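So the chains spell out like this:
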Amino acid sequence: MNKLEAYPTLSRLYDLQLEVFPAHEDFLKRRFENSSDEHIGEVAQLAEIVERIAGYNLRVIAEDYAWLTDRMLEEEYHFRRTGKYRLSTFEEAERTVYADPVFMQKYMNGVLLSHLWWGNHSRVIVYFRRQFLPLIREGGSHLEVGPGHGLLLYLAAQSQAGSVTGWDVSETSLKNTRNALQAMGVEKPIALEAHNIVNAPSQKFDSLTFSEVLEHLEEPLEALKILRSLLNEGGKIFVHAPVNSPAPDHIYLFEDPEAIIDMVEQAGFKIEKTECFPGMDAPIDRARKLKLTISTIVVGTAI
Ligand SMILES: C[S@@+](CC[C@H](N)C(=O)[O-])C[C@H]1O[C@@H](n2cnc3c(N)ncnc32)[C@H](O)[C@@H]1O
């Protein structure tokens, strides 16, 4: 594709993706035709990281992305017919997704590549780098709950944080995060531990990432209160959760961005900034009207 020519890694990944998933051509063409040159440059930087994390598995990861889009389509059909997510309990999500190493590996591989191919996902990462990471305390301790593929924890490790910790309920996710940090040569102190956020140990951190986990929980407000208790006063939190976003392990339906923002505030955070990125880069009014996915970001301070 012409617009990508200046970026050899991104061009290579684009060509590989279409080789294993030719039916995605219209979607990917439109995604980049509608993106500014500046944004394509930002995605090209992410492509360098994704390629290094993927290593020899790049082709498998591109195939797993194609597999993920099929799973998402099935969930979308259910959502459009019923107005609800298919699953409603954590037990079902754990049994069918987090504790199934084969499903979970494909899922995390697909989500990793979605950060290049889905405009809302790449814009969340750009926002995280530009707007949140500079707020992290110099030399401070940073926690991510639910790091999954490890991309955001790697970026936090690149910031001025002194140490990074990842807690995830899935052993497969912890393995992926470990591999990502190793592949990227992170040298800072790292702790990766299996924990469900609802039974988190009582530790204290200076900053926290909680990205695409809130909608996986039966009682998201309770989880946010636990996150508040994990942060030192004045600590910063980055919450990213999607509204109207059916997926194989989403159980809590947020119907508009305000529902997420209000919940973060109710849990004891001062809201510093919010941002919305609709799926397929749709205009926000259209996304609200048609109940399309809207990636919602809330940056808060523990008060
Ligand atoms: C969709 S992935 C998000 C990965 C990454 N944070 C991102 O934004 O792309 C969700 C991750 O949250 C983890 N997770 C789900 N429920 C959890 C819980 N109750 N406690 C801790 N981790 C959880 C899953 O195992 C998975 O690794």
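Above: the structure in question.
Described in the following lines is the structure provided in the data block. (Residues numbered from 1 in each chain as written. Predicted model: local features only at pLDDT ≥ 70, side-chain atom pairs only at ≥ 80, totals over all residues. Heavy atoms only, no water.)

1. Comments concerning the sheet that holds strand 5 (residues 231-243)
Defined as follows: A strand pair is defined by DSSP finding two or more bridges across the two strands. Numbered from the N terminus, helices here are DSSP runs of H or I no shorter than four residues, and strands are runs of E no shorter than two. Geometry is summarised by axes, namely lines fitted to C-alpha atoms with helices restricted to the contacting stretch, and by angles between N-to-C directions that run from 0 to 180 degrees. Note on contacts: a residue pair is in contact if any heavy atoms of the two residues lie within 4.5 Å.
Within the open sheet, the 7 strands sit side by side as 3-2-1-4-5-7-6. Their pairing is mixed. Each edge of the open sheet is held by one strand with a lone partner, namely strand 3 (190-194) and strand 6 (269-278). Averaged over all neighbouring strand pairs, the angle between strand axes comes to 15 degrees, with direction disregarded. Bridge count for strand 1 (residues 141-145) against strand 2 (residues 163-168) is 5 bridges, and the pairing is parallel. Counterpart to L143 in the pairing with strand 2 is T165. Helix 9 (residues 171-183) contacts strand 2 and strand 3 of the sheet and is inclined by roughly 165 degrees relative to strand 3.

2. Some details on the site of the ligand
Applied cut-off: For each residue, the test is whether any non-hydrogen atom lies within 4 Å of the molecule or strand; if one does, the residue is near. Whenever two N or O atoms come within 3.5 Å, that pair is a polar contact, provided that in protein one can donate a hydrogen and the other can accept it, and provided that, for residues adjacent in sequence, both atoms are side-chain atoms. Here the accessible surface of atoms and residues is derived via Shrake-Rupley with a 1.4 Å probe, and residues count as covered only by protein chains that are part of the display. Each residue gets one label: Ala, Val, Leu, Ile, Met, Phe, Trp, Tyr, Cys and Pro are nonpolar, Asp, Glu, Lys and Arg are charged, and the others, such as Gly, are polar.
Neighbouring the ligand are 25 residues; G146, H149, D168, S173 and S211 lie closest to it. S173 is positioned with one of its side-chain polar atoms (N or O) 2.7 Å from an oxygen atom of the ligand. A distance of 3.0 Å separates a nitrogen atom of the ligand from a polar backbone atom of I197. Considered on its own, the ligand offers 600 Å² of accessible surface; in the complex 99% of this is hidden by protein. Where the shell around the ligand is concerned, the elements lending two or more residues are helix 5 (90-98), helix 6 (101-117) and strand 1. With 4 residues, helix 6 is the largest single contributor of residues to the shell around the ligand. Its residues assigned to classes, the shell around the ligand comprises 12 nonpolar, 10 polar and 3 charged.

3. Observations concerning the pattern of salt bridges
Rules: Take a side-chain nitrogen of Lys or Arg and a carboxyl oxygen of Asp or Glu: if they are within 4 Å of each other, that pair is a salt bridge. Whether a residue is buried, partly exposed or exposed follows from its accessible area with a 1.4 Å probe, protein chains only, as a fraction of its type maximum: under 20%, in between, or over 50%, in that order.
Applying the stated criterion to the full structure yields 16 salt bridges. For R130, the salt bridge goes to E38, with nearest N and O atoms at 3.4 Å. Taken together, the residues span a long stretch of sequence, with R130 in helix 7 (residues 119-132) and E38 in helix 3 (residues 37-54) at a distance of 92 residues. Of the residues examined, R130 reaches a relative accessible area of 48% and is grouped as partly exposed. Residues E42 and R130 are paired through a salt bridge, measuring 2.5 Å at the closest nitrogen-oxygen approach. Of this pair, E42 sits in helix 3 while R130 sits in helix 7, and the two are 88 residues apart along the sequence. For E42, a relative accessible area of 13% translates into the label buried. Members of the salt-bridge network, linked through shared partners, are E38, E42 and R130.

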